[in-house]
Amino acid sequence: MTADARPQPTVAVVDPHTLARTALPLVLPELTFVGSFRTPDELLAAAAPAEVVLLEIPRGALDHPPLLAWTEAVERLVRAGHRVCIHTFERSRVMLLGCLDAGATAIAHKSDPLDELRAAVLATATGQLLVTGSLSGLAELARDRTALPALTERQRLVLSARARGEKFDSIARRLFISRKVAEEHWAVVARKFAGFLRDHSAADLERLLGLEPAGLAEGSLPDLRAG
């Protein structure tokens, strides 16, 4: 069997946007689409027989901060036996690398030509890491995770609090830790991103990392057990 004659993977679209869910099967007719869903929950409930899931996660109205929402969605789909190709407008390196760390195989930007998206789907089906060219530099970072500083959940929470001007005493009370521990978490963040923070604020760093707590109710707390 030639490469062109290989069976095409079965594909499901998970995207909050109706246009994307409707258009992708039309513009990629050579792929076998088995369903289009607004959320990962809908796909999992339907038990769609998809080898590859083209996944987009909304930025608003999430139950968790965006990074956690994306990574948890990827992890659930992978556990259910799907391979995940992120198909998104997102450009945050931390967000996208988080998806790869959670088990996604490929990433394609929604501005990419159809040929690149098709290649990303086929790479995903065979388990090959692929990041399309429009996401400049991400592929190199994906292969070398040490190039990007990582933050623990507690460090992310302290960063978000400092981005909003919250004092260390308040952070400590809210997270049920001492002021000294809160300051130590911030010191680690500041050390890891010292070059960036010399000329930028904590809020700038939060935006750079894609860690804005979108959709969290005022005063609500993420699960702190991972910190």
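Reading the values: the criteria
Residues numbered from 1 in each chain as written. Predicted model: local features only at pLDDT ≥ 70, side-chain atom pairs only at ≥ 80, totals over all residues. Heavy atoms only, no water. Buried < 20%, exposed > 50% of the residue type's maximum accessible area, 1.4 Å probe, protein only. Helix = DSSP H or I, 4+ residues; strand = E, 2+ residues; numbered from the N terminus. Salt bridge = Lys/Arg side-chain N within 4 Å of Asp/Glu carboxyl O.

### Quick word on helix H4 (residues 93-102)
Burial analysis of H4 places eight of its 10 residues in the buried class, the great majority of the element. Positioned one or two residues after H4, Gly103 has a phi angle of 125°, which is positive.

### Observations concerning the pattern of salt bridges
Across all of its chains, the model carries 12 salt bridges by this definition. In this structure, Arg38 and Glu42 form a salt bridge, with 2.6 Å as the shortest nitrogen-oxygen distance. Residue classification places Arg38 among the partly exposed positions, given a relative accessible area of 45%. As a salt-bridge pair, Glu206 and Arg164 come within 2.9 Å of each other at their nearest N and O atoms. With Glu206 in helix H11 (residues 202-209) and Arg164 in the loop between helix H7 (153-163) and helix H8 (168-175), this residue pair connects regions lying 42 residues apart in the sequence. Overall, the relative accessible area of 3% leaves Glu206 in the buried class. What you see here is one network of salt bridges that share partners, running through Asp15, Glu56 and Lys110.

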